[in-house]
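Structure assessment
For reference, the chains in residue letters:
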Amino acid sequence: MFPCVFSVRHVRKDEKKYYEELLRYSREHLMLYPYHLSDVMVKGLRITPFAYYISIMSDIMQQEKSYDSLTNFTAADCKYIKTDGCQNFSFML
(Lines give C-alpha, C1' and ligand atoms only; values in the text may rest on other atoms or scores of the structure.)
Protein backbone atom coordinates (compact mmCIF):
# COMPACT_ATOMS: atom_id res chain seq x y z
CA MET A 1 0.00 0.00 0.00
CA PHE A 2 0.96 3.62 -0.41
CA PRO A 3 1.93 5.53 2.70
CA CYS A 4 -0.75 7.99 3.69
CA VAL A 5 1.42 11.07 3.86
CA PHE A 6 -0.26 14.20 2.56
CA SER A 7 -1.40 17.51 3.86
CA VAL A 8 -4.29 19.79 3.17
CA ARG A 9 -2.01 21.89 0.97
CA HIS A 10 -1.99 19.05 -1.57
CA VAL A 11 -5.78 19.23 -1.78
CA ARG A 12 -6.38 22.98 -1.33
CA LYS A 13 -3.96 25.82 -1.90
CA ASP A 14 -5.26 27.95 0.98
CA GLU A 15 -5.02 25.82 4.11
CA LYS A 16 -6.59 28.43 6.42
CA LYS A 17 -9.61 28.82 4.15
CA TYR A 18 -10.08 25.05 4.13
CA TYR A 19 -10.22 24.89 7.94
CA GLU A 20 -12.55 27.90 8.07
CA GLU A 21 -14.90 26.14 5.63
CA LEU A 22 -14.67 22.96 7.67
CA LEU A 23 -15.68 24.83 10.82
CA ARG A 24 -18.48 26.68 9.04
CA TYR A 25 -19.89 23.42 7.65
CA SER A 26 -19.59 21.72 11.03
CA ARG A 27 -21.33 24.61 12.78
CA GLU A 28 -24.16 24.76 10.22
CA HIS A 29 -24.78 21.03 10.57
CA LEU A 30 -24.48 21.10 14.38
CA MET A 31 -21.55 18.69 14.35
CA LEU A 32 -19.02 17.98 17.07
CA TYR A 33 -15.97 20.19 17.44
CA PRO A 34 -13.13 18.62 15.40
CA TYR A 35 -10.90 17.73 18.34
CA HIS A 36 -8.54 15.78 16.08
CA LEU A 37 -7.68 19.13 14.45
CA SER A 38 -7.60 21.15 17.66
CA ASP A 39 -3.94 22.11 17.25
CA VAL A 40 -4.82 23.83 13.96
CA MET A 41 -8.15 25.19 15.19
CA VAL A 42 -6.84 26.70 18.43
CA LYS A 43 -3.38 27.83 17.35
CA GLY A 44 -4.13 28.80 13.75
CA LEU A 45 -7.74 29.98 13.80
CA ARG A 46 -8.04 30.71 17.53
CA ILE A 47 -11.33 28.81 17.79
CA THR A 48 -11.59 26.89 21.05
CA PRO A 49 -14.25 24.26 21.73
CA PHE A 50 -15.94 26.73 24.08
CA ALA A 51 -16.13 29.45 21.39
CA TYR A 52 -17.34 26.88 18.84
CA TYR A 53 -20.20 25.69 21.03
CA ILE A 54 -21.13 29.24 22.05
CA SER A 55 -21.51 30.08 18.36
CA ILE A 56 -23.66 26.98 17.82
CA MET A 57 -25.87 27.88 20.77
CA SER A 58 -26.26 31.48 19.60
CA ASP A 59 -27.14 30.27 16.09
CA ILE A 60 -29.80 27.96 17.52
CA MET A 61 -31.26 30.76 19.61
CA GLN A 62 -31.25 33.23 16.70
CA GLN A 63 -33.08 30.69 14.54
CA GLU A 64 -35.49 30.06 17.43
CA LYS A 65 -34.81 26.33 17.41
CA SER A 66 -35.07 24.17 20.50
CA TYR A 67 -32.16 22.61 22.38
CA ASP A 68 -33.44 19.24 21.12
CA SER A 69 -32.38 20.14 17.57
CA LEU A 70 -28.79 19.34 18.60
CA THR A 71 -27.61 15.80 18.00
CA ASN A 72 -27.04 13.75 21.13
CA PHE A 73 -23.25 13.77 20.84
CA THR A 74 -23.09 17.50 20.17
CA ALA A 75 -25.46 18.25 23.04
CA ALA A 76 -23.43 16.05 25.39
CA ASP A 77 -20.17 17.69 24.35
CA CYS A 78 -21.72 21.13 24.60
CA LYS A 79 -22.95 20.31 28.10
CA TYR A 80 -19.52 19.02 29.08
CA ILE A 81 -17.69 22.08 27.71
CA LYS A 82 -20.14 24.69 28.96
CA THR A 83 -21.43 22.77 31.99
CA ASP A 84 -24.77 23.83 30.65
CA GLY A 85 -27.83 21.81 29.80
CA CYS A 86 -31.29 22.25 28.45
CA GLN A 87 -32.39 23.58 31.86
CA ASN A 88 -30.21 26.64 31.37
CA PHE A 89 -30.91 26.93 27.65
CA SER A 90 -34.21 28.72 28.23
CA PHE A 91 -32.51 30.92 30.82
CA MET A 92 -30.02 32.06 28.16
CA LEU A 93 -32.89 33.26 25.96
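Residues numbered from 1 in each chain as written. Predicted model: local features only at pLDDT ≥ 70, side-chain atom pairs only at ≥ 80, totals over all residues. Heavy atoms only, no water.

Details of the overall build of the chain
Counting its regular elements, the chain contains 6 helices and 0 strands. Each helix and strand of the chain, ordered N terminal to C terminal, gives the series α-α-α-α-α-α. Residues counted as buried form 29% of the 93 residues belonging to the chain. Across the chain, contacts joining residues at least 24 apart in sequence account for 44% of those joining residues at least 6 apart. Total accessible area on the chain stands at roughly 7000 Å², and carbon and sulfur atoms take up 58% of it. (Helix = DSSP H or I, 4+ residues; strand = E, 2+ residues; numbered from the N terminus. Buried < 20%, exposed > 50% of the residue type's maximum accessible area, 1.4 Å probe, protein only. Contact = heavy atoms within 4.5 Å. Areas by Shrake-Rupley, 256 points an atom, 1.4 Å probe, with all protein chains shown as cover.)

Digging into the confidence of the model for the chain
In this model, the chain carries a mean pLDDT of 77, and residues with pLDDT of at least 70 account for 74%. The element-level mean pLDDT for the chain is lowest in helix α6 (residues 86-92), coming to 50, with helix α2 (residues 15-28) highest at 89. (pLDDT = per-residue confidence, 0-100.)

Details of the pattern of salt bridges
Throughout the structure, instances matching the rule amount to 1 salt bridge. One salt bridge connects Glu-28 with Arg-24, and the closest N-O pair in it is separated by 3.2 Å. Linking Glu-28 with Arg-24, this pair stays in helix α2, spanning 4 residues, or about one helical turn. (Salt bridge = Lys/Arg side-chain N within 4 Å of Asp/Glu carboxyl O.)

Here's the deal with unusual backbone geometry
Backbone phi values are negative for most residues with the exception of glycine, while trans is the configuration of most peptide bonds. Even without being glycine, Leu-30 reaches a positive phi, approximately 55°. Note that Leu-30 resides in the loop between α2 and α3 (38-43). With phi around 60°, Arg-46 is a residue other than glycine that occupies positive phi space. Secondary-structure assignment places Arg-46 in the loop between α3 and α4 (49-62). Arg-46 gets classed as exposed once you look at its relative accessible area, which sits at 70%.

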